[in-house]
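Survey of secondary and tertiary structure
Each chain, written out:
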Amino acid sequence: MASLYLVEPGLLDGVGVGDPVSLDGAEGRHAVSVARVRVGEALRIADGRGTVVTGAVAETGRDTLTLTVSEVTVEAAPRPALVLVQALAKGGRDEMAVQAATEIGVDRIVPWSAARSVSRWDGAKVDKGRARWAAIAQEAAKQAVRSRVPTVDAPVTTAQLAALAGSSSDGGSSSAGGSSSGGGSSSGAGPSSGSGREARRAVVVLDPVGAVRLSAWEPPTDVDEIVLVVGPEGGIDGSEFDRLEAAGAVRVRLGDTVLRTSTAGPAALAVLQTRLGRW
């Protein structure tokens, strides 16, 4: 499979077979100077939002290259999308979760400042931490040869997270709204469905002693998003469980063992991918 490189969203809009597409900046530098891409080699360039062009390299420069497009594919956004609400954690374990979750196929990532989170994003740390997660997601998407890069929202509080699940009344389905953008960006409220209405969600919270196994939970297919909530190393506080359940979230467990916060989310996402028939 041809190597995958990323350009900014929108740069591939309107591109067709036979058109030239340039790759420059950090991606072009890596392709030419590190990967040693040469004229005639086949490459894939994606915009991180589902559009991918494939073609042979026509020319290279010091830090840039140009390919001639031989194929254009557009991958539809998955429905339901998979959202990981990952609690901030110490020792880089939250970053490990972001990397693995991206490789597994998460569509949106929401940092959560949980009650027991030792790591805190305050002041300038908010933008720095978010940018770090976005960069990790982008690199992981390239490694996994994904045409879509997960978006990273602004961090949310427990109150905001409960609002996300707020109108749930049937086993996790809820609606709340907002928007997020790639590699970066929303206030943490969550995106709309794209049709003008608020997104419909099912929200599940990982609990090591939950009564329902995630493998036995029937994921709804009539929602826009399935939101998976993962706590920090110290676990989710009892009052947070109560607040999220009251808002309509469902508590589920993975199995009989207790996983770290770095592996719990990715493991649960793998289960969901299988249950949805995508794996």
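What this report covers is the structure whose coordinates are included nearby.

Observations concerning the overall build of the chain
Each helix and strand counted, the chain has six helices and 13 strands in total. The 279 residues of the chain split such that 48% are buried. Only carbon and sulfur atoms are counted for the fraction: they give 50% of the accessible area of the chain, which is about 12300 Å².

Side note on the packing of helix H2 (residues 93–104) against helix H3 (residues 124–143)
Between H2 and H3, the least distance of the axes is 8 Å, while the angle of their chain directions is 35 degrees. Our pair here, H2 against H3, has a crossing hand that is right-handed. Between H2, through Asp 94, Glu 95, Val 98, Gln 99, Thr 102 and Glu 103, and H3, the contact on the second element is made entirely by Arg 132, Trp 133, Ile 136, Ala 137, Ala 140, Ala 141 and Gln 143.

Some words on the packing of H2 against helix H6 (residues 261–275)
Contact geometry of H2 with H6 gives a least axis separation of 7 Å together with a crossing angle of 15 degrees. One finds that H2 runs roughly parallel with respect to H6. Between H2 and H6 lies a crossing whose hand is right-handed. Facing Arg 93, Met 96, Ala 97, Ala 100, Ala 101 and Ile 104 of H2, the residues of H6 in contact are Thr 261, Ser 262, Pro 266, Leu 269, Ala 270 and Gln 273.

Concerning the nonpolar core
In terms of nonpolar packing, the biggest core is built from 29 residues, with Trp 133, Leu 206, Trp 217, Leu 228 and Leu 269 touching the most fellow members. For this core, the secondary-structure elements that each account for two or more residues are strand S6 (81–87), H2, H3, strand S10 (199–206), strand S12 (225–230), strand S13 (250–253) and H6. In contact with Leu 206, other than residues within four places in its own chain, are Leu 228, Val 229, Val 230, Ile 236, Phe 241, Val 252, Leu 254, Ala 264, Gly 265 and Ala 268. With 20 residues, the next largest nonpolar core counts Val 110, Trp 112, Leu 164 and Phe 241 among its residues.

Re the sheet that holds strand S2 (residues 20–23)
Spatial strand order, S1-S3-S4-S5-S2: five strands in an open sheet with mixed pairing. The sheet terminates laterally at strand S1 (3–6) and S2, the two strands that pair on one side only. The sheet shows a mean angle of 40 degrees between the axes of neighbouring strands, taken without regard to direction. Against the sheet, helix H1 (residues 25–34) makes contact with S1, S2, strand S4 (51–60) and strand S5 (65–74), and its axis sits at roughly 150 degrees relative to S1, the strand it touches most.

Some remarks on the pairing of S12
Along S12, six of the six residues are buried, which leaves the element largely enclosed by surrounding structure. Where burial is concerned, the two faces of S12 agree: the one with Glu 225, Val 227 and Val 229 and the one with Ile 226, Leu 228 and Val 230 are both buried. Sheet topology places S6 next to S12; six bridges connect them, and they run parallel. Its bridge partner being in S12, Leu 84 is matched across the sheet by Leu 228. Pairing of S10 with S12, which is carried by five bridges, proceeds in the parallel orientation. The residue bridging Val 203 from the neighbouring strand is Val 227, located in S12.

Points about helix H5 (residues 238–246)
Among all positions of H5, only Glu 240, Phe 241 and Leu 244 are buried. Projected onto a plane normal to the axis of H5, the buried residues spread over an arc of 100 degrees and lie on a single side. Contact partners of the buried residues in H5: strand S7 (108–112), helix H4 (158–164), S10, S12 and S13.

Some details on the packing of aromatic side chains
Going through the model one piece at a time under the given rule, you end up with one aromatic pair. A centroid spacing of 5.1 Å and a plane angle of 70 degrees characterise the contact between Trp 121 and Trp 133, whose relative ring orientation is edge-to-face. You can see Trp 121 sitting in the loop between S7 and H3 and its partner Trp 133 sitting in helix H3, a full 12 residues away along the chain. There is no split in this pair, since Trp 121 and Trp 133 are both buried. A cation over a ring is seen here: Arg 251 above Phe 241, with NZ or CZ 4.0 Å from the ring centre.

Observations concerning a nonpolar patch on the surface
Together, Val 17, Val 72 and Val 74 make up a nonpolar patch on the protein surface, roughly 270 Å² of accessible area in all. By the secondary structure assignment, Val 74 is in strand S5. Taking relative accessible area as the criterion, Val 74 reaches 64% and is therefore assigned exposed.

Let's talk about the side chain of Ser 117
Secondary-structure assignment places Ser 117 in the loop between S7 and H3. At 3.0 Å, the side chain of Ser 117 forms a polar contact with the backbone oxygen of Leu 88. Setting aside anything within four residues of it in sequence, one finds Ser 117 in contact with Ala 87, Leu 88, Trp 112 and Pro 232.

Rules used in this analysis
- Residues numbered from 1 in each chain as written.
- Predicted model: local features only at pLDDT ≥ 70, side-chain atom pairs only at ≥ 80, totals over all residues.
- Heavy atoms only, no water.
- Helix = DSSP H or I, 4+ residues; strand = E, 2+ residues; numbered from the N terminus.
- Buried < 20%, exposed > 50% of the residue type's maximum accessible area, 1.4 Å probe, protein only.
- Areas by Shrake-Rupley, 256 points an atom, 1.4 Å probe, with all protein chains shown as cover.
- Axes fitted to C-alpha atoms, helices over the stretch in contact; angles between N-to-C directions.
- Left-handed = near helix turned anticlockwise from the far one by under 90°.
- Contact = heavy atoms within 4.5 Å.
- Parallel < 35°, antiparallel > 145°, perpendicular 65-115°, else oblique.
- Core = buried A, V, L, I, M, F, W, Y, C linked by side-chain atoms within 4.5 Å.
- Pairing = 2+ DSSP bridges.
- Arc of directions from axis to C-beta.
- Phe/Tyr/Trp six-rings, centres within 6.5 Å; stacked < 30°, edge-to-face > 60°.
- Lys NZ or Arg CZ within 6 Å of the ring centre and 35° of its normal.
- Patch = residues over 30% accessible without salt bridge, like charges linked within 9 Å, V, L, I, M, F, W, Y side chains within 5 Å.
- Salt bridge = Lys/Arg side-chain N within 4 Å of Asp/Glu carboxyl O.
- Polar contact = N/O pair within 3.5 Å; in protein donor to acceptor, adjacent residues only side chain to side chain.

It is worth stressing that arrangement in space is one thing and function is another; only the former is reported here.
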